[in-house]
Amino acid sequence: MPSPLLQSKLLRTEKPNLEMEVEIPIWQQEIKTAFRSADELCRFLNVDLDEMGISAAAAKQFPLFVPRGFASRMESGNSTDPLLRQVLNVAQEEVVDAQFKVDPVGESQADLAPGLLQKYAGRALLIVTGVCAVHCRYCFRRHFPYQSFQQIGAAAGRWQPALDAVRSDESIHELLLSGGDPLVLTDDLLTELITMLENIPHLKRLRIHTRTPIVIPSRVTEALVNRLVSSRLAVWFVVHANHGNELGTEVLDSLNRLIAAGIPVLNQTVLLKGVNDSCEALEELFTKLADASVLPYYLHQLDRVAGAAHFEVPIEIGKQLIAQLRTRLPGYAVPRYVQERPGELAKTILG
Ligand SMILES: *Cc1c(COP(=O)(O)O)cnc(C)c1O
Ligand code: SF4
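### Quick word on the site of ligand 1
At step 1: In the vicinity of ligand 1, the residues found are Lys119, Tyr120, Arg123, Leu125, Leu176, Arg207, Tyr297, Tyr298, Glu340 and Lys347.
At step 2: Within the side chain of Arg207, an N or O atom sits 2.8 Å from an oxygen atom of ligand 1.
At step 3: In the environment of ligand 1, an oxygen atom lies 3.2 Å from a nitrogen or oxygen atom belonging to the side chain of Lys347.
At step 4: Protein burial of ligand 1: of its 380 Å² of free accessible surface, 91% is covered by the chains.
At step 5: Mapped onto the shell around ligand 1, the elements with two or more residues apiece are β2 (116–120), β3 (123–127) and β8 (295–300).
At step 6: Among the residues forming the shell around ligand 1, the class breakdown is five nonpolar, no polar and five charged.

Structure, rendered in structure tokens:
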């Protein structure tokens, strides 16, 4: 996962001279000015750091990283804020539970090439970078050995082995860009990658899995949208929001820029204890998404990653929540409740 090392590399790719400084896009400035410690974030939110049970060891394994725009959607003074809980490094992460592992979904066994995973027919997933626009404490890739093959800012040539593998397998019709988060790449680098993908004749669809439009909505630039729309590939977006409070006006505007350009946007949510494990919270989230023409695609059962045990909601409760939501929302606004199980041919549908 984005180690401090990777994050600092990201920043070092910026031009150092002042003249260029003013030209840095707003979204990159948001990455630069993000909160990087519990201390800073708690001070900003007027919550008492000592009450929060912060863990330095947890931050060492996976540093806190929260852009200010996302933090501004948290409620000042609320130590149990559902957005804060997703990003704060707390002592509960140190609890050791043998059921919660470093590689919970068996990704290390699914490599086609460095950074390229295939678990399911017809589609492969490219980890384009280890960097994200926010660090989510429950992330199943928080222990992923990104450093072994990924560095943002490096030449696009690093994707070559993965692209060669896609090119040589004509059964792959869809490529998922994931990470980390593909939208922390600059437009230039993304454009280079997309162009290489467009040159693989059997690829039909490009799917971008990203939390950046939710965290840093200014990332959805006109240039990015134009590049995607001009692609010969069918482009699909899958964003990641877990709580209605994440969907502020700027976020809804950024999603609308994609949708208005004809790009379908789906959302995935992770079911998280203390964040969205109530019918009311999920109903609000899915209603806001539906109102924004974003389809609630998946509700994920938490992957059992080491350090995230305190976020787990029992599957039985998840099924009850989905059943209740079916009585309250239109069918399309209730996502499939799924679990990732190593070795299965598709995600397992729980409800
Ligand atoms: C979840 C996932 C996909 C996408 O699955 P869909 O059901 O098509 O959304 C593809 N590859 C990997 C490795 C995945 O984990
Ligand atoms: S944005 Fe996605 S990949 Fe990055 S830390 Fe959050 S859940 Fe993990």
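Next comes the rest of the description.
### Observations regarding the pairing of strand β7 (residues 265–270)
At step 1: Of all six residues making up β7, six are buried, and the element is well covered by its neighbours.
At step 2: Residue alternation in β7 divides its side chains into two sets, Val265, Asn267 and Thr269 and Leu266, Gln268 and Val270, and both sets are buried.
At step 3: Relative to β7, strand β6 (residues 234–240) runs parallel, the two being bridged by four bridges. Within β7, the position partnered with Val239 by the bridge is Asn267.
At step 4: Handedness of the crossover joining β6 and β7 through helix α12 (residues 249–260) is recorded here as right-handed.
At step 5: Of the pairings in the sheet, the one linking β7 to β8 comprises five bridges and is parallel in character.

### Regarding the site of ligand 2
At step 1: Near ligand 2 you find Cys132, Val134, Cys136, Cys139, Gly180, Arg211 and His240, and these make up its full shell.
At step 2: Taken together, the residues of the shell around ligand 2 break down into four nonpolar, two polar and one charged.

### Some words on the packing of aromatic side chains
At step 1: Within the structure shown, the criterion is met by three aromatic pairs.
At step 2: With centroids separated by 5.0 Å and ring planes inclined at 45 degrees, the aromatic side chains of Phe35 and Phe44 adopt a geometry described as tilted.
At step 3: Taking 3.9 Å as the distance between ring centres and 25 degrees as the angle between the ring planes, the aromatic pair formed by Tyr297 and Tyr298 counts as stacked. Here the two residues Tyr297 and Tyr298 agree in accessibility, since each one is buried.
At step 4: Positioned above the aromatic ring of Trp27, the side-chain terminus of Arg219 is 4.1 Å from the ring centre.

Conventions and cut-offs
- Residues numbered from 1 in each chain as written.
- Chains lettered and ligands numbered in written order.
- Predicted model: local features only at pLDDT ≥ 70, side-chain atom pairs only at ≥ 80, totals over all residues.
- Heavy atoms only, no water.
- Near = heavy atom within 4 Å.
- Polar contact = N/O pair within 3.5 Å; in protein donor to acceptor, adjacent residues only side chain to side chain.
- Areas by Shrake-Rupley, 256 points an atom, 1.4 Å probe, with all protein chains shown as cover.
- Helix = DSSP H or I, 4+ residues; strand = E, 2+ residues; numbered from the N terminus.
- Nonpolar A, V, L, I, M, F, W, Y, C, P; charged D, E, K, R; others polar.
- Buried < 20%, exposed > 50% of the residue type's maximum accessible area, 1.4 Å probe, protein only.
- Pairing = 2+ DSSP bridges.
- Right-handed = clockwise from strand over helix to strand, strands pointing away.
- Phe/Tyr/Trp six-rings, centres within 6.5 Å; stacked < 30°, edge-to-face > 60°.
- Lys NZ or Arg CZ within 6 Å of the ring centre and 35° of its normal.

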